[in-house]
Amino acid sequence: MTATTERAVGSDVRRIDGPDKVRGRAPYAYEHELGAQPAFLAVVQSTVARGRVTAIDASAAEAVPGVVAVLTHQNAPRLGDVAEEIAVLQSDRVQYVGEPVALVVAETSEVARDAAGRVLVDYDAQPADVRLAADRDDLYAPEQLMAGFATDSVIGDVDAALAAAPVSVDVTYETPNQHNNPIEMHATVARWDGDVLRMWDANQGPHNLVPVITEAFGITEDQLHIVSPYVGGAFGSKAYTHAHQLLAGMAAKVTGRTVKIELTRQQMFSLVGHRTPTIQRLRLGAQPDGTLTAISHEVVEHTSQNAEFAEQTATATRLMYAAPARRTTHRLAKLDVPAPTIMRAPGETPGMYALESAMDELAVALGIDPVELRLRNEPERDPERDVPWSTRNLVACLRQGAERFGWAGRDPRPGVREDGRWLVGTGVAAATYPTRRRPSQARIEAVPGKPFVVSIDASDIGTGAWTTLTQIAADALRVPMEQVSLRIGDSRLPKASGAGGSTGITSWGPAIIAAAEQLRDRDVPPGGLTVTGSSGPGDEAETYSSHAFGAHFAEVRVDRDSGEVRVPRMTGVFAVGRVINTTTARSQFLGGMTMGLSMALHEESVLDQGRGHYANHDLAEYHVAANADVAEMDISWVDEVDDEHNPLGAKGIGEIGIVGAAAAIGNAYWHATGRRVRDLPITPDKWF
Ligand code: MOS
């Protein structure tokens, strides 16, 4: 092999999977053609939120020509010990609108859907309770939050500190139900080859699904093969095993056929999770110079009857700013809703919206510039854990952002800038997201004269992992990228963590580097050589507090006649350790900021309070920011290498772009109009 000294890491190389994607040669889950004529699945969903199925009449459906089978709780295979939220067709109980109550298998998808509409289901139904409110008397404290965080945190006497604070704010923000809306719908193709279950599936890491699916079907890891090379977006909704994957395995087993299931966009709103709505009370106390003396962040959010999902909404508040007295709490309402799930920066996204909005309100109360207020409250060490930061360059992000955006000389007065019928304002917010690292393994096969084959069950959900992992492997092997052939997205490849929590590069990259090191200074014999490497968290998480940071600046224009809100420009500056690929990194930040803009102005899943269903369950009514909503996006990052966390010096970039973005827009809206909208999204109707 020709040794190269040219580094691929840090370059702007374009996506290596791009040409195949634009030519339609990159097969997504549902597109896998497997030879055998497949059968198609259609889900029959509950129309009630709570109750029992008392009778199912499938005769009309079974009579439709082309119908192969109809599965219900009465005849479906029994699953092993799976979580209640995915124990699909295992009982007559119904716990949310949209819960699968029957499954039609048919020769075509059209017949399957037609027949699904002919399955008659009777229910013994009870009223739906889907109302989230801070004054419910049945709110409870979960034992712990998602990702293992403590439910509450208390330092000092918060109430006394708030009462004594010369300046304080006490404000409540609400964020709505939101849905992950990947372009590629959740889909699975499944087939049993003897006692081996094969699945071509849209997910965020095949190994994520292995423990659940093997348990569900009582098979060993060797009897399960999940393939997922290309994924068209996910945002968290493809991280875990959901009902449709188990339905596919069941239907394939019962019929002996290759089966295909693809959720419709409407079904997606009840079958793969959502972001919980939140009600967040923020109380901040400060000295007249802006020094924070008290921080209280109390969160109310929902979970479902069939799962305890406790979003870690206030955990970022624990480390963002120091104050002698601090408190965070999380309380849950158990409602008749589908199980929530993770959605891009779960916790940090709604939580930092509230904290960074409250910081803006405090800045106004103090008469201090909101950038300056944050600079004055920059903690030297992690205030909760009392350990040093591995790196924390929030100050650099704020300064660089202010410079790029043109913040200096900003008139702090609200509602005084006009441009024709537009009211104009600007706002700022900070961002943070944890840097983590998960166990992963990689394998490299070296054969003289051939490209190195690098194998790892990593996942590219649109992030650029195909490209960045090839860059990392090339540098680690000291060869050009063309001499690396990457394989990802297959449960038969070395086990790796899923794509989630912004941990892909920090987990997979070091595993590839560890494997490459096994090859260093070794002669490859004519027959070739195979090496493996593994990597995982060391004690860096004990010694340091590692988080990415960022700053968002936004300009907002509000039409005084219609209340329409436009965001002509945003500036985002991030401190994320080493950037592996400047093109795909920019794309991640751009996507995150766009999703934050979408959260600020558009996204809201409306729960029908009477019947308990998501009323606006399609892209016509659940509004996601489109190209026309996004104008100038100025994206940059500060020079930073985090040597304390992992050998790449990288921090992970998939989620921080969304964190804080909605607060910057909300704060700019106030600056434009003089009005605070404290319940997202800021739709035109809230102007009147
Ligand atoms: Mo992301 S919500 O960790 O898939």
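Residues numbered from 1 in each chain as written. Predicted model: local features only at pLDDT ≥ 70, side-chain atom pairs only at ≥ 80, totals over all residues.

### A short note on the overall build of the chain
Move 1: When its secondary structure is counted, the chain shows 16 helices and 24 strands.
Move 2: Each of the three principal axes of the chain carries a C-alpha extent, and together these read 75 × 70 × 50 Å.
Move 3: Expressed as a percentage of the 688 residues in the chain, the buried residues total 56%. (Helix = DSSP H or I, 4+ residues; strand = E, 2+ residues; numbered from the N terminus. Buried ≥ 20, exposed ≤ 12 C-beta atoms within 10 Å, placed from the backbone.)

### Focus: the sheet that holds strand β4 (residues 93-94)
Move 1: The strand order across the open sheet built from three strands is β4-β2-β6, with neighbouring strands paired in antiparallel fashion. Bordering the open sheet on either side are β4 and β6 (120-125), each of which pairs with just one other strand.
Move 2: The pairing of strand β2 (residues 51-57) with β4 spans two bridges and is classified as antiparallel. Residue pairing in the sheet places glycine 51 in a bridge with valine 94 of β4. (Pairing = 2+ DSSP bridges.)

### Things to note about the sheet that holds strand β14 (residues 292-304)
Move 1: One open sheet accounts for five strands, arranged β7-β15-β14-β13-β8; its pairing is mixed. Both outer strands of the open sheet, β7 (153-155) and β8 (167-175), are each paired with one neighbouring strand and no more. For this sheet, the mean inter-axis angle between neighbouring strands, taken without regard to orientation, is 15 degrees.
Move 2: As paired strands, strand β13 (residues 278-286) and β14 are joined by nine bridges and run antiparallel to one another. By the bridge assignment, leucine 282 is partnered in β14 with histidine 297.
Move 3: Across the sheet, helix α9 (residues 348-366) lies against β8, β13 and β14, angled at about 145 degrees from β8, the strand it touches most. (Axes fitted to C-alpha atoms, helices over the stretch in contact; angles between N-to-C directions. Contact = placed C-beta atoms within 7 Å.)

### Re the packing of helix α12 (residues 465-477) against helix α13 (residues 504-519)
Move 1: For the pair α12 and α13, the least separation of the axes is 9 Å and the interaxial angle reads 30 degrees. Taken together, the axes of α12 and α13 are roughly parallel relative to one another. Pair α12 / α13 crosses with right-handed handedness. Contact residues: α12 offers Ala465, Thr468, Leu469, Ile472, Ala473, Ala476 and Leu477, while α13 offers Gly504, Ile505, Trp508, Gly509, Ile512, Ile513, Ala516 and Leu519. (Parallel < 35°, antiparallel > 145°, perpendicular 65-115°, else oblique. Left-handed = near helix turned anticlockwise from the far one by under 90°.)

### Some remarks on the domain arrangement of the chain
Move 1: By domain assignment, the chain separates into domain 1 (18-28 + 438-536), domain 2 (32-126 + 183-234 + 238-271) and domain 3 (146-178 + 275-435 + 543-687).
Move 2: Taken over C-alpha atoms, the centre of domain 1 sits 35 Å from the centre of domain 3.
Move 3: Where the side of domain 1 that touches domain 3 is concerned, the elements lending two or more residues are α12 and α13.
Move 4: Considering each element in turn, the side of domain 1 that touches domain 3 owes the most residues, five residues, to α13.
Move 5: Tallied by class, residues from the side of domain 1 that touches domain 3 come to four nonpolar, 10 polar and no charged. (Domains from an automatic or database assignment. Nonpolar A, V, L, I, M, F, W, Y, C, P; charged D, E, K, R; others polar.)

### Some details on the environment of aspartate 460
Move 1: Looking at the element boundaries, aspartate 460 is found in the loop between β19 (452-455) and α12.
Move 2: Sequence separation between aspartate 460 and tyrosine 230 is 230 residues; the distance between their C-alpha atoms is 6.4 Å.
Move 3: With residues near it in sequence (within four places) discarded, aspartate 460 still touches Val231, Ala465, Trp466 and Ile488.

### Considerations on the pairing of strand β12 (residues 259-262)
Move 1: Covered by surrounding structure in β12 are Val259 and Ile261 together with Lys260 and Glu262, the residues of both alternating faces.
Move 2: Across four bridges, strand β9 (residues 187-193) lies against β12 in antiparallel orientation. Looking at the pairing, alanine 190 lines up with valine 259 of β12.

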